[in-house]
Amino acid sequence: RTKPFQVAIDGPAASGKSTTAKLVAQRLGFDYIDTGAFYRCITFATLSKGIDPSDSNNNHQISDIAERSVIQLQTVFAEPPPAFNNGQPSSSLSTRSFLLPTTRVFLNSKDVSSDIRTGIVSKHVSAVAAIGNVREAVLQKVRNLGATDAHVKGPNDSKNDNNNSNSGLAAKLSTPKGLVMDGRDIGTVVLPHADLKVFLVADSRVRAERRLQELIMNAADSTELQGQLDVEAVQKDLERRDELDRTRKVSPLRKAEDAMELDTSNLTIEEQVDAIVQEALHRQRQC
Ligand code: CDP
Ligand code: CDP
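Residue indices follow the written sequence of each chain, beginning from 1 at its first position. All chains are assigned letters beginning at A, and all ligands numbers beginning at 1, according to the order in which they are written. In keeping with the model being predicted, local features are shown solely for residues with a pLDDT of at least 70 and side-chain atom pairs are shown and tallied solely at 80 or more, while totals for entire chains, interfaces and linings include all residues. In computing side-chain properties, one takes all heavy atoms of the structure into account and sets aside hydrogens as well as water.

### Here's the deal with the pairing of strand β3 (residues 71-76)
Basically, it comes down to this: Using a 1.4 Å probe on the protein chains alone, a residue whose accessible area is under 20% of its type maximum counts as buried, one over 50% counts as exposed, and one in between counts as partly exposed. By definition, any uninterrupted DSSP run of H or I lasting at least four residues is a helix, any uninterrupted run of E lasting at least two residues is a strand, and each is numbered from the N terminus. Pairing between two strands is assigned when DSSP locates at least 2 bridges connecting them.
In terms of residue burial, β3 counts as a mostly covered element, since 5 of its 6 residues are buried. Alignment of β3 against strand β4 (residues 102-107), held across 6 bridges, turns out to be antiparallel. Across the sheet, Gln74 pairs through a bridge with Arg104, a residue of β4.

Pasting the structure below:
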């Protein structure tokens, strides 16, 4: 098999795409590409230049920014500690975060991993992602990454992180077997021939509670959270963004006909990851 095995994961905001995609990639020894990070980087670059994304007169300028931006992702996969290799992984939060791969995002060589997750970027990202030429620019960038694996940096990049052994990553790089990509239009537009397509959904209140928890855990200090601490407000923001993503003209958010739908409202992360890994292994055996 010359083509890497492709897993496409789509779904509305905070349905669990990136958490699930990273863990699926880790379990299968695949690469991971977060396409939302591309739209977030372009939005961050636009706002940094003082350009208003909600004014459609600026679309041309924003498309230029999209074309010129050099965006790189660096995912560091975690190795399970020896005690968990043969036993059942614990579902406690601490163990989970210990095992969760981390993705750093670079915009024109600058680490913007936290800058792109702020409330102001989330507020404007769907307007930026609705611009046809921006989507075209991102499509070209992510398709290139998928084809070459070039976004994964060498093992020395995580020297200071004792939780992450790199032997697994090195092995993955020498034998790139596959790729997990998440976003809104992966199964429909970016990887229409993906070997496995998954559409994650969850109740919007559940998604808001999870996103709020995530914001609290990741915030460097409480000032970053101002205006985002209310679950109602987070839920409204997610729903507004989903509506924009579903109704835009170019590559709207929708489930591909051949996608498997998973409702994560009542699933644990381990359960949803397991379901996808089992299905991927089953389909790989058939190839
Ligand atoms: O993690 P969260 O669901 O909040 O968002 P994300 O995956 O980082 O994506 C941010 C935004 O980028 C989405 O709301 C979409 O507007 C856009 N996006 C898109 O249009 N197409 C993709 N393939 C990925 C993201
Ligand atoms: O990428 P996307 O915006 O779809 O979602 P995410 O950022 O991966 O997930 C949002 C939050 O939901 C994360 O903090 C996950 O740990 C949490 N979560 C989940 O994804 N699935 C569950 N079954 C339970 C919690």
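### Focus: unusual backbone geometry
A negative phi holds for most residues other than glycine; trans holds for most peptide bonds. Notably, Ala14 is not glycine yet its phi reads approximately 60 degrees, a positive angle. As for its position among the elements, Ala14 is in the loop between β1 (5-10) and α1 (17-28). The class of Ala14 is buried, set by a relative accessible area of 13%. Backbone geometry at Ser109 places phi at a positive 75 degrees, although glycine is not the residue there. Tracing the sequence through the fold places Ser109 in the loop between β4 and β5 (110-111). Using a relative accessible area of 60% as the deciding quantity, one classes Ser109 as exposed.

### A short note on the site of ligand 2
To keep it simple, the criterion reads: Residues are counted as near a molecule or strand when any one of their heavy atoms sits within 4 Å of it. Each polar contact in these results corresponds to two N or O atoms within 3.5 Å; when the atoms are within protein, one needs to be able to donate a hydrogen and the other to accept it, and residues that are neighboring in sequence are counted only if both atoms are side-chain atoms. Each accessible area is a Shrake-Rupley estimate made with a 1.4 Å probe; only the visible protein chains count as cover when residues are assessed.
Among the 15 residues in the neighbourhood of ligand 2, the closest are listed as Lys17, Ser18, Thr19, Arg211 and Leu267. Here Ser18 contributes a backbone N or O atom positioned 2.8 Å from an oxygen atom of ligand 2. Interatomic distance of 3.3 Å between a side-chain N/O atom of Arg210 and a nitrogen atom of ligand 2. In isolation ligand 2 offers 530 Å² of accessible surface; the protein chains occlude 85% of this area. For the shell around ligand 2, the elements supplying multiple residues, two or more each, are α1, α10 (204-218) and α12 (269-286).

### Examining the sheet that holds β4
Overall, antiparallel pairing links the 3 strands, which are arranged β3-β4-β5 in an open sheet. Looking at which strands have only one partner, the edges of the open sheet turn out to be β3 and β5. Where β4 and β5 come together, 2 bridges link them in antiparallel fashion. Within β5, the position partnered with Phe106 by the bridge is Asp111.

### Section: the site of ligand 1
Quick note on the threshold: Gly counts as polar in this scheme, as do all residues outside two lists: the nonpolar Ala, Val, Leu, Ile, Met, Phe, Trp, Tyr, Cys and Pro, and the charged Asp, Glu, Lys and Arg.
Taken together, 20 residues lie around ligand 1, and Arg40, Arg135, Asp185, Arg211 and Asp245 are the ones closest in. Side-chain polar atom of Ser126 to an oxygen atom of ligand 1: 3.1 Å apart, as the coordinates give it. A distance of 2.9 Å is found between an oxygen atom of ligand 1 and a side-chain nitrogen or oxygen belonging to Arg184. When isolated, ligand 1 has an accessible area of 530 Å², and the protein chains bury 96% of it. Among the elements of the structure, α2 (36-48), α6 (119-129) and α11 (231-247) are those that each provide at least two residues to the shell around ligand 1. Along the lines of polarity and charge, the residues of the shell around ligand 1 split into 6 nonpolar, 4 polar and 10 charged.

Bear in mind that shape data such as this cannot, by itself, settle questions of function.
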